[in-house]
Structures are given as C-alpha cells and as structure tokens.
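Below, each chain spelled out in residue letters.
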Amino acid sequence: MGVVKLQFAPRTAAVEPDTPDVLAHAIAKLRQCGGDAINVLRLTDELPEVVLPFLAWAASRRQDIPARAIRVVMKCCGEPMLERALGLQRLRQLKRRYGEISAQFAAL
C-alpha cells in the first residue's frame, strides 16, 4: 500500500442556512429606505439578525439599492457574522466592492 496523506483545507463555505422567505420583503423595505442611514438602522432593528447577512448579499446583487444602505447593513452585521453566514468568498467580494467593514461609519 502506500502512505495516506491527509491535507487540511480551511472551510470557506457558508455555515448557516439561507432564509429566502423574508428576503423579498426586506429588500423592498431597504429600497424604500434609500441611502438614509437612520431609516436603514430602523429596518435592521425590525428584522431578525439571521436575515441581515443574507440581506446584505442579496442587496449587493441589485443595482437599485444605494451602496450606502448596503454598507450600513454590513456594519450592523459585523464581519464574523457575515463570514459565518455567507462564507469567506462572499465576504471578500462584499469587502472588495464596499470597502472594509470597520471603517464604514466614518463616512456616514
């Protein structure tokens, strides 16, 4: 036989399940908020925390939602929650498009 070699590859996929049933209504409400940070913060208080990472990802795929609203949702989630829900690859795509999460409210 031979020597079996095991290699470690870190997990980069999403860990939490997707919640698509609430996303359609949340995206519609986020579009109504526009770029106003206060209205977006009120919306994030109304929604369950599990939905927020998926809302940030789904909103980033739409062109009719302002980037400022997506940045506020990303800041409310935080980087660990975004990574756990979306996976490392999607988190990197969001950070590349909308900037670092830690410095988002400095521009608001």
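Computed from a predicted structure; not experimentally measured. (Residues numbered from 1 in each chain as written. Predicted model: local features only at pLDDT ≥ 70, side-chain atom pairs only at ≥ 80, totals over all residues. Heavy atoms only, no water.)

> Please provide a residue-by-residue account of the overall build of the protein chain, values included.
Within the protein chain, the regular secondary structure consists of six helices and zero strands. Here the protein chain holds 108 residues, and 37% of them are scored as buried. Taking the intrachain contacts of the protein chain between residues at least 6 apart in sequence as the baseline, contacts between residues at least 24 apart amount to 72%. Accessible area for the protein chain stands at about 6,900 Å²; split by element, carbon and sulfur atoms hold 53% of it. (Helix = DSSP H or I, 4+ residues; strand = E, 2+ residues; numbered from the N terminus. Buried < 20%, exposed > 50% of the residue type's maximum accessible area, 1.4 Å probe, protein only. Contact = heavy atoms within 4.5 Å. Areas by Shrake-Rupley, 256 points an atom, 1.4 Å probe, with all protein chains shown as cover.)

> An account of the packing of helix α3 (residues 51-60) against helix α5 (residues 79-86) is requested, with residue identities and associated values reported.
Packed helix pairs are characterised by how far apart their axes lie and by the angle those axes make with each other. In contact at an axis separation of 9 Å, α3 and α5 are set at 75° when each is read in the N-to-C sense. With respect to their mutual orientation, α3 and α5 come out roughly perpendicular. For the pair α3 and α5, contact is made by Pro53, Phe54, Ala56 and Trp57 and by Met81, Leu82, Ala85 and Leu86, respectively. (Axes fitted to C-alpha atoms, helices over the stretch in contact; angles between N-to-C directions. Parallel < 35°, antiparallel > 145°, perpendicular 65-115°, else oblique.)

> Lay out the packing of aromatic side chains with the relevant residues and their values.
A full pass over the atoms with the stated rule returns zero aromatic pairs. Directly above the aromatic system of tryptophan 57 lies the positively charged group of arginine 61, at a separation of 4.0 Å from the ring centroid. (Phe/Tyr/Trp six-rings, centres within 6.5 Å; stacked < 30°, edge-to-face > 60°. Lys NZ or Arg CZ within 6 Å of the ring centre and 35° of its normal.)

> Summarise the side chain of serine 60; cite the residues concerned and give the values.
Along the chain, serine 60 falls in helix α3. Setting aside chain neighbours within four positions, we find serine 60 in contact with Ile70, Leu94, Arg97 and Tyr98.

> Before we move on, can you summarise the environment of asparagine 39 with the specific residues and values?
Following the sequence through the fold, asparagine 39 ends up in helix α2 (residues 37-46). The class for asparagine 39 is partly exposed, based on a relative accessible area of 27%. Sequence-wise, asparagine 39 and alanine 69 are 30 residues apart; in three dimensions their C-alpha atoms are separated by 9.1 Å.

> Give me the pattern of salt bridges: which residues, what numbers.
Enumeration over the complete set of coordinates arrives at three salt bridges. The partner of aspartate 64 in a salt bridge is arginine 31, and the shortest N-O contact between them spans 2.6 Å. Taken together, the residues span a long stretch of sequence, with aspartate 64 in the loop between α3 and α4 (67-77) and arginine 31 in helix α1 (residues 20-33) at a distance of 33 residues. Look at aspartate 64 and you get partly exposed, because its relative accessible area is 37%. Note on arginine 31: relative accessible area 35%, which makes it partly exposed. Note that lysine 95 and glutamate 79 form a salt bridge whose closest N and O atoms lie 3.1 Å from each other. Of the two residues, lysine 95 sits in helix α6 (residues 88-98) while glutamate 79 sits in helix α5, which places them 16 residues apart along the sequence. (Salt bridge = Lys/Arg side-chain N within 4 Å of Asp/Glu carboxyl O.)

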